[in-house]
Each structure stands twice: as structure tokens, then as C-alpha cells.
Amino acid sequence: MMAVGACSIAIFRPWMHKNMTSLPLFDADALPQGRPAGAVVAADLLARARAAEPGHHDELRDAHGRLRPVWQQFAEHLGGPLDDLSRRQSVLGQQIIEDGITYNIYSAPGGRSRPWSLEVLPMIVGPQDWALIERGVSQRAALLNTILQDVYGPQRVLKDGLLPAALVLGHPGYLRGLQGVQPPGGIHLHVLALDLVRGDDGLWWVVSQRTQAPSGLGYVMQNRLLVSRQFPEAYRAMNVQHLASSYRRMLDTLSALAEPCAAGQTPRLALWTPGPYNETYFEHAYLARYLGIPLVEGGDLIVRDERVYLKTVQGLEPLHGLLRRLDDDFCDPLELRPDSTLGVPGLLQAIRAGNVVVANALGTGFLESPAIHGFLPALSRTLLSEDLVLPSLPTWWCGESAAWQAVAPQLGQQVIRSTYPRRGFEPVIGPTLTPEGLKLWRERIEREPGTYTAQSFVPYSQTPVWSQGHCSPRGASLRVYALADGMGGWQVLPGGMTRIASREAGPVSMQRGGSSLDTWVVTQEPVDSFSMLPQHMRLEDLVQRQRPVASRTGENLFWMGRYTERAEQQLRLVQGLIHLLGDEDHAEPVVLEAMSALSEGLGLVPTGTPTLAQSPRVFERATLEALTDVQASQGACSLAWNLNTLGRSAQLLRDRLSPEHDRLLRTLCPDFVARMRPDEVAPVALGGGRDALEHLAMQLAAVTGAQSDRMTRDAGWRLLTVGRLVERLCGYAAFLQAFVQHGACHSPLSFDLLLMLFDSAITFRARFQRRLEWPALVATVVLDETNPRALACVLRRLRTELGKLPVRAGQQGDLLALLPWEGVGVAPEVLAAPANGEAAVLALAERLADAGWRLSDELGHRYFAHAEPTEQTMSA
């Protein structure tokens, strides 16, 4: 698979124009009075746009220097002055950040993600151009699928010499284990992506074809939603074709092909992603949500009896169709790449048994070799009795002696590519080589001719990009998609993703800092008003809409709940420390020791830090340093570390969280660190971070509200709630243990601190005013089942939520048996007794903390690990 950001090579001639500042500025006053506003904007656009470099097709201007008709129409319906494009670009960038649209850069430290790069101006394709592209792309999809049917069938194209066997049988993308296996409907290519460029003569050329798991469909739809909102008038007036029906048809085709696997039931589909570290993970999550199907990883799937199942918290559920987003060799570690942790052992056997439809079918990777392009014209004439409508760039496979002899003298004008996949190999541009370098490459090719392919280059057409009040020309490559219709044909998505170079002269590559454009296809036909909402639903469809909760998703939700609660507890503990340090002269040593022990136990300070009683200033500095230490470099998993982990859990749950909830979780950590360290300077005392902590408290309250009131009450939400309650049980038990063990439960300050930690000060004062007595404290933080912070209430809610979890590998009574059957399991009079009540509370806290950890382990074993010797599978 070549990802969205993979490099496409284009040769750009040196910049021939003058500096931007020398361009004439548009003077509206010089235009004839009474001229229509649209004409004024069009003239302004023409004046402020640099022409394409010599030798490159200009997408904006025609041969006479006038705006092309589609751009003239766009300017006339811009809906504002040209300078307003800067504001719209800013709004676009802000929306990308708020929506969390990202793209992972492998070369960045840690493979970090960056905001998706999208320009405000679209790439506009006129009706005539699109008619040619549509015919050419659908024809090529049919041709490539026919080649695949033959290669995995009778192999006539190999026997007749239409394709060299070395390019097929010698390519790692050919899978011998699937020879003789034809996928349902004979469709190998459910989705085909072609990268097109327009040469200086205005003709379109195919540069590469992506047949394994073409990326970009999610970004295509996201780009359309964002850019069309910036130009609503132009979008409507220009009759830009819509995209939704193509996505619906892709889903319907996969569902129809999977029906025989489902034995009369509604087929279950999923989108299979390599995971959050893949460069295009955002679009996987976005596309899964848009299509309404689960997002799964290899670890979520298992093969039993030659069928594929999804591990869910309810048990194993059958899957009948997989829209995959990972390359062939990672899909099955048993038969393909043995070191793959992304695949599903036994998948190929399930495919051979005809029990699952995988889109695209495995074994298509050899068609991505650039050498294949040189043989397609003859293959098209033989297999389709047609000439190619969209030609590939002239290509020579050096493994053919005649081809190598023909291209060797011209090697300095070609692009040298690897015939077979080679990690780290970059295409070599002949014109950039020195005579010595060219000689070395000739010798290298002559030693291993079949390893290399020579391909002509074409100077990419240049399209306008708005920058600093002007339009600059950038080299552009257009990725278009053909989608199988299930009846032997292919529909071309009326749009695509245009990628542009990061500068006037450079490669078109998202990995190298390039950007993207929305692609508008102007049509003369009625615009498709299709919606992704199905027109008719059956009763069984309603049942299927209750999507299963994958075990990995359930585990992530469980830990999201735990990390949210842990962050709240740490926040209140820091606020308690500020309160304590402000009253340091009146603090008893036992209180200082209790708070120090709690801080170390909850990760606010590294192990071994001198206590507050020993060295309050050292303890305070250690707390301050750890608060904003995202990497926990000193060994303390303090607030910033927990907030960062909470943000990562949101990334893993993109398809289940609302955009606002997701954005809130992702911004918690950076916002807190920025507020704690304005101008990157940390406060000298904990009290200096009071405002940042109060702001964080409000944000965490908003997170709690989103989790409790804006999520569906399915098994995943119940696991999130159980996670919070388990963490609360363990944390609150630790609070009591620390204070009781150190004998710090008798002073007004200790009462205030404990009530602050339990977030129960208002409840206590409303019922007991200032009666600082042990029975009142126990009643508030231990026995009160109406106080959500009291241990009795936590236990009651835990019993309720555990009872509503799906029954798995035994009765829920096994889980409930870990907790007291009612209340806290100890008589109130024992806990509230002035004489020995503290000892009883300490023993209770120790039992409950142990129960919380055991319950967490048992939940993981039962719902997340699927470790039972025999699994009760759900019927298909």
C-alpha cells in the first residue's frame, strides 16, 4: 500500500519569475465603474496569481493568459473580496485543530502526528476533463480486476507472455496460498486508487496505482465538508457533484457480497485498521464512523472453525466482511509475515473457505509494481479489446533485455524506480544525477536489471494556492478512486484528493510537508442529492444498529474511566497540599506524614522524596516538577502524565466519542501544562498554579458530564463507569488508610483535608455543621449511600453496574462476590465507635482496596483477554 503521503516525483524547472513583491497589485479603482462584483474578484484573482512555471500546465490560466472557465465561475461566486481568503484559510485551520484531524509523520520524533494540511482553494476539474478521467479510471479498474482473475485462475496472460512471470510469480505481492481462489463475485478490487498528473500538453497520465488498501477516502470526505462550507455559494452555483452516494454504494456492495457468508442473516462488516500509529489512522476512525461500521484492529479478531469473529465484551460475534487498511503481508502471521502483530492468524484459510469477504482481496500487491505499467497497453487490447483511455507514463522494465537496451541511452532523462517493494528506496531522478552518478546507476542496473524500472517523468501541472495575499502555483497530483458496484462495473468517485508540493519546486508528498486540496468535479448533470441514511430498514436492521463493543474498545473505555477518576483524585490532592502549605505552621506532623504518603502513593512525587515534615520546600519543588512532567521522567506519574494518557485513550476511541468530548480530552494536558508554565516558566510555589488547577477542575467536570450524559448506555459505557468506580474505590480507600494509619483524623485541619479529598465538604457541613467528630466523618465518607463520594455509595453503584454487564464465562455473582453484599459489609456502629472505630475503618479500607484491584484483574480476564479454554460463540 502506498499511503496518502507517499512521494510522487515531479521535475520542476527553476523559478523563472521575479520576487512576489514585484508582482503588480490589483487596483479596483482602475476598473470601469459599475462592473459586477464577481468580475472585479475575477480580475483581482488573475492579477494576484503568479503564472505557472514554463513547461508546466497552468490549471488557473488558459493559453491566452485568461482565467479558465471553471475558475472564472468560481471567482464570480466567491461571496466576498479576494482578501477574505486569508480569513477563510484561518477558519479552516482552526476547524482542523478543533476536529482533531491529524496525519502521522513517521520521520518525526516518535512518529508524531500533526494537524492535517488542507488549503482553502479547491482543485477544480471541468466536465470534459472529468468525462475522460471517469472513462479511463473505470476501464483500468476493469482491466486490473480481469488480470487478477486470470493470474489466480488459468494464468493465460503468463502462458501467452503478455506479462513476464518474474513480475508476478517473483513479486512478494503474489500470494501462492490463494492460487485458484476466486473471491465472491469475482471482485478482487473493491476500491482502486490511481494517482494522475497532467502534463505540460494538458493530457492526463497515470503515475501509479494502489491496489492493496488504498488510503485517503476518509480525508476526501473530510476535505469536502470543510472546504465546501467556506464557499457555499460557489459550491451550489458551480454544480459540484456530491460524494455520499459513492460511499453508500461501496458499503452496499461489500454487504451484498458478504450475504452468502452470513447464512441468511444481515452481514456484519468492520473496517480493519493497523492501529493508532498508522500515518492515516484518523481517516480510518472517521471513515468507520461515517460508514457506520466498527473500527477493529487485528487483535480484535480471531478465526475459529474457518470463520472470522470479533472479540466483544458480549463474546465472539461473527464478521462477514472486512474493509481493510493494511497491506497483504501483515494480514496473516501464519501464512504471510510471521512477525506481524497486526494480522489475524488463520485469515487466509477463512478466505479460502469462502467465509469472509476482504476488500480489497489479498494478493493484489504485484499490480502496484511500476513495471506493470509498460505491459498494460497490450493487455488492454487483448483482454478488453480496447486501447487505454488514460495512458500510463512510458515505462521500461529493465529485466527485459530489449527494454533495457532501448532506455539505457536515455537513462539520464528517466526516473529510476524499484520494481519490487524495497524499504527506504527512493525513486532516483535521472536529470539530477552527475555523470559519475549516472554511470554508477547504469552499472547497478546491469548487475540486477530485473530489480529496476525506468519511467518517463512529466512536469506536473500547477494549481493556485492562496498564500500571503497572493496565489502561488504548486505542483499537483490527483488521486481518484474507482469503487466496484458488485455487478461487474466500477463507479468513479466524483472527486478525489489532490496533493500538492510543499514549495514551488519539490516532490508531491504529505510525508515531506506537502498539503492537500479538495477536488471539485463540475458537472452538467443534476447533482446527486443522495444521503448516507438508508431509505428502508427492516426489523433485524434495528438490532444490527446496536453495534457490538469490541473487547479492545471496552478495555480502552474502562481505562479511560480509571484515568479520569485518577486525574480528579490527583487534582484534589494537589489542592489539598496547597491548603496544607498555606497553613503549614498549624499542621501537625502526622497530617504532614499522611499527605506525604498519599502524594507518593498516587504518583505526585517520586519514591523516596523527603516528606513534608522532613523538608517541605524540597517536597514542594518535587511536586511542582512532577506536575507538568508528561513523560514521568523522574518516576512520578503525576497530573500531566495522567492527562496525557487520558488524551491518548481518546485517540484510540475516536469512533465512539463526540467531537467535543474528543477535543476536550485531547486538550487537557497541553492546556494544563501551558497554564502551569506560561512563557515556559514554572511557578516557584504550588500556590502559583492555583488558577491552572481551578481551570483543570472545571474541564474535568465537563469531561465527567460528557461521560455521564453524552454517551450511549451500552456495555462500553458501563465498563467506563465501572472503571471510574473501581478507581474511586481504590483511591478513597487509600485516602482513609493514609490518614488512619498516621493517626491524622482528629484535628480541624485533617477533617478539612479528608473532606476535600472526598469532595464532600458541602455535604458534611450541610448535615453536621462544624461537629468535627469521628462518627460524623464516618457517616459522610463511608456509610452515606446518597453521597456519590462515600464508599457505601460507590459499592452500591458498582454492584448495580456489574449486574448489568454482559454475562461471560460464569455468572455475574462471581464478580459481585468480590464486594460486600450490601452496604460496606461492616455494621455502622462498629465503624463509628469512638474507641475502636478507626481500626475497623482501617481494616475495611484495606479489604476494599484489595477488592478493587482483584475486581479490575477479573474484569480484564473476563471481558478483554478472551482467555477462556472454550469460548461460547454467538450464532451467525
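What you see is a predicted model; the values in this text were computed from it and never measured.

Participant: It is not clear to me how the packing of aromatic side chains should be interpreted in this structure. Could you clarify?
Facilitator: Two measures describe an aromatic ring pair: the distance that separates the ring centres and the angle between the ring planes. Inspection of the entire model under this criterion finds 23 aromatic pairs. Look at F558 and F864: their rings are 5.8 Å apart centre to centre, the planes differ by 50°, and that puts the pair in the tilted class. Of the two residues, F558 is situated in helix α16 (residues 551–582) and F864 in helix α29 (residues 837–864); the sequence distance between them amounts to 306 residues. Take F864: its relative accessible area is 10%, and that puts it in the buried class. Relative to F768, the ring of F764 has its centre 5.5 Å away and its plane inclined at 45°; by these criteria the two rings are tilted. With a gap of four residues between them, F764 and F768 both fall in helix α24 (residues 761–768), about one helical turn apart. Over the face of the ring belonging to W441 we find R444, whose NZ or CZ atom lies 4.2 Å from the ring centre. Here R713 stacks its cationic end above the ring of W717, 4.2 Å away from the centre of that ring.

Participant: How should the sheet that holds strand β15 (residues 428–429) be read in this particular structure?
Facilitator: What links the strands of a sheet is backbone hydrogen bonding, and the strands pair in either a parallel or an antiparallel sense. With antiparallel pairing, the four strands of this open sheet are ordered in space as β13-β16-β14-β15. On the outer flanks of this sheet lie β13 (395–397) and β15, each paired with one strand and no other. Relative to strand β16 (residues 452–456), strand β14 (residues 414–418) is paired through five bridges, and the arrangement is antiparallel. For V415, the partnering residue across the bridge sits in β16 and is Q455.

Participant: Just checking my understanding: could you explain the pairing of strand β9 (residues 307–312) for this structure?
Facilitator: The side chains of a regular strand alternate between both faces of the sheet. Among the six residues that make up β9, five are buried, leaving the element largely enclosed by the rest of the structure. Relative to β9, strand β8 (residues 301–304) is paired through four bridges, and the arrangement is antiparallel. In the strand pairing of β9, V303 is matched with V308. In this structure, the hairpin formed by β8 and β9 is closed by a connection of two residues, where D305 is found at a positive phi of approximately 55°. As paired strands, β9 and strand β10 (residues 315–318) are joined by four bridges and run antiparallel to one another. By the bridge assignment for β10, K311 is matched with L316. Connecting β9 to the antiparallel partner β10 that follows it, the hairpin turn spans two residues.

Participant: Explain helix α22 (residues 715–741) to me, please; I cannot follow it from the model alone.
Facilitator: Helical geometry note: an α-helix holds 3.6 residues per turn, so side chains three or four residues apart project in the same direction. With 27 residues, α22 should reach 39 Å at 1.5 Å per residue; the first-to-last C-alpha distance of 38 Å fits that figure. Of all 27 residues in α22, 25 are buried; the element is thus mostly enclosed. The backbone nitrogen of G716 lies 3.2 Å from a side-chain oxygen of the residue at the head of α22, namely D714. One or two positions beyond α22, positive phi appears at G743, with a value near 65°.

Participant: What's the story with the sheet that holds strand β11 (residues 321–324) in this structure? I'm lost.
Facilitator: Strand order across the open sheet formed by four strands is β7-β6-β11-β12, with parallel pairing between neighbours. Here the strands that pair on one side only, and so sit at the sheet edges, are β7 (295–296) and β12 (357–359). As paired elements, strand β6 (residues 269–272) and β7 share two bridges and run parallel to each other. Directly across from W272, in β7, lies its bridge partner V296.

Participant: Got a minute to help me understand the nonpolar core in this structure?
Facilitator: If you look at soluble globular proteins, the nonpolar side chains tend to sit buried side by side. In this structure, F74, F231 and Y247 are the most contacted members of the largest nonpolar core, which totals 135 residues. If you tally residues by element for this core, the top one is helix α4 (residues 127–151), at nine residues. By size, the runner-up hydrophobic cluster in this structure holds 105 residues, among which are L668, F735, L757 and L777.

Participant: Even after reading the chapter, I still don't get α16, so can you show me in this structure?
Facilitator: Here α16 spans 47 Å end to end across 32 residues, near enough to the 46 Å set by a 1.5 Å rise per residue. Counting buried positions over the 32 residues of α16 gives 27, a clear majority of the element.

Participant: Explain unusual backbone geometry to me, please; I cannot follow it from the model alone.
Facilitator: Trans peptide bonds make up the majority, and among non-glycine residues the majority have a negative phi. Residue N360 is bonded to the preceding A359 through a cis peptide linkage, with omega at -5°. For Q155, which is not glycine, the phi dihedral falls at a positive 60°. Examined against the element boundaries, Q155 turns out to sit in the loop between α4 and α5 (156–159).

Participant: Before we go on, may I ask you to explain the environment of A193 in this structure?
Facilitator: Position of A193 among the secondary structure elements: in strand β4 (residues 191–198). Overall, the relative accessible area of 0% leaves A193 in the buried class. Sequence-wise, A193 and A141 are 52 residues apart; in three dimensions their C-alpha atoms are separated by 9.0 Å. Excluding anything up to four places from it in sequence, A193 contacts S208, Q209, R210, P214, R479, V480 and Y481.

Participant: Where do I start with the environment of Y286 in this structure?
Facilitator: If you trace the backbone, Y286 turns up in helix α10 (residues 281–291). Of the residues examined, Y286 reaches a relative accessible area of 15% and is grouped as buried. A C-alpha to C-alpha distance of 8.4 Å links Y286 and Y219, two positions 67 residues apart in sequence. Discounting chain neighbours no more than four positions away, the residues touching Y286 are G218, M221, Q222 and L225.

Participant: In this structure, what is going on with the packing of helix α19 (residues 639–652) against helix α20 (residues 659–676)? I would like to understand it.
Facilitator: The relative placement of two packed helices comes down to the angle between their axes together with the axis-to-axis distance. Running from N to C, α19 and α20 cross one another at 155°; their axes reach a closest spacing of 8 Å. Taken together, the axes of α19 and α20 are roughly antiparallel relative to one another. Note that α19 runs across α20; the crossing there is left-handed. Contacts between α19 and α20 pair L639, A640, L643, N644, L646, G647 and A650 from the former with D662, L665, R666, L668, C669, F672 and V673 from the latter. Broken down by class, the residue content of the contact of α19 with α20 amounts to 10 nonpolar, two polar and two charged.

Participant: In this structure, what is going on with the environment of L831? I would like to understand it.
Facilitator: With respect to the secondary-structure elements, L831 resides in helix α28 (residues 828–832). Between the C-alpha atom of L831 and that of L842, which follows or precedes it by 11 residues, the distance is 9.4 Å. Once residues lying within four places of it in the same chain are set aside, the contact partners of L831 are W774, V778, V782, L783, V824, V826, G837, A840, V841 and L844.

Participant: I would appreciate a short explanation of the pattern of salt bridges in the present structure.
Facilitator: Where charged atoms of side chains with opposite charge meet at close range, the side chains can pair. All chains considered together, the criterion is met by 42 salt bridges. Among the ionic pairs, R248 bridges to D252, the shortest N-O distance being 3.2 Å. Of the two residues, R248 and D252 both sit in helix α9 (residues 244–258), four residues apart, roughly one turn of that helix. Judged by its relative accessible area of 13%, R248 falls in the buried class. The class for D252 is partly exposed, based on a relative accessible area of 41%. Across the pair E568 and R572 runs a salt bridge whose closest N-O atoms are separated by 3.8 Å. Here the residue E568 and the residue R572 both occupy positions in helix α16, the gap between them amounting to four residues, near one helical turn. Judged on exposure class, the residue E568 and its partner R572 are both buried.

Participant: Before we go on, may I ask you to explain the packing of α20 against helix α21 (residues 690–709) in this structure?
Facilitator: As a packed pair, α20 and α21 sit with axes 10 Å apart at the nearest point and diverge in direction by 170°. Between α20 and α21, the angle falls in the class roughly antiparallel. Of the residues in α21, those in contact with H661, L664, L665, L668, D671, F672, R675 and M676 of α20 are A692, L693, H695, L696, Q699, L700, A702, V703, A706 and Q707.

Participant: Which parts of the structure should I look at to understand the side chain of S418?
Facilitator: As for its placement among the helices and strands, S418 is situated in strand β14. Accessibility expressed as a relative area gives 11% for S418, which makes it buried. Reaching out from S418, the side chain makes a polar contact with the backbone oxygen of Y420 at a distance of 2.5 Å. Residues in contact with S418, not counting those within four places in the same chain, are P370, F425 and T451.

Participant: Can you help me understand the pairing of β4 in this one?
Facilitator: Burial runs high along β4: eight of the eight residues are buried. Pairing between β4 and strand β5 (residues 204–210): six bridges, direction antiparallel. Residue pairing across strands places V197 opposite W205, the latter belonging to β5. The antiparallel hairpin formed by β4 and β5 contains five residues in its connecting segment, where G202 sits at a positive phi of about 85°.

Definitions and cut-offs
Residues numbered from 1 in each chain as written. Predicted model: local features only at pLDDT ≥ 70, side-chain atom pairs only at ≥ 80, totals over all residues. Heavy atoms only, no water. Phe/Tyr/Trp six-rings, centres within 6.5 Å; stacked < 30°, edge-to-face > 60°. Helix = DSSP H or I, 4+ residues; strand = E, 2+ residues; numbered from the N terminus. Buried < 20%, exposed > 50% of the residue type's maximum accessible area, 1.4 Å probe, protein only. Lys NZ or Arg CZ within 6 Å of the ring centre and 35° of its normal. Pairing = 2+ DSSP bridges. Expected span 1.5 Å × (residues − 1). Polar contact = N/O pair within 3.5 Å; in protein donor to acceptor, adjacent residues only side chain to side chain. Core = buried A, V, L, I, M, F, W, Y, C linked by side-chain atoms within 4.5 Å. Contact = heavy atoms within 4.5 Å. Axes fitted to C-alpha atoms, helices over the stretch in contact; angles between N-to-C directions. Parallel < 35°, antiparallel > 145°, perpendicular 65-115°, else oblique. Left-handed = near helix turned anticlockwise from the far one by under 90°. Nonpolar A, V, L, I, M, F, W, Y, C, P; charged D, E, K, R; others polar. Salt bridge = Lys/Arg side-chain N within 4 Å of Asp/Glu carboxyl O.

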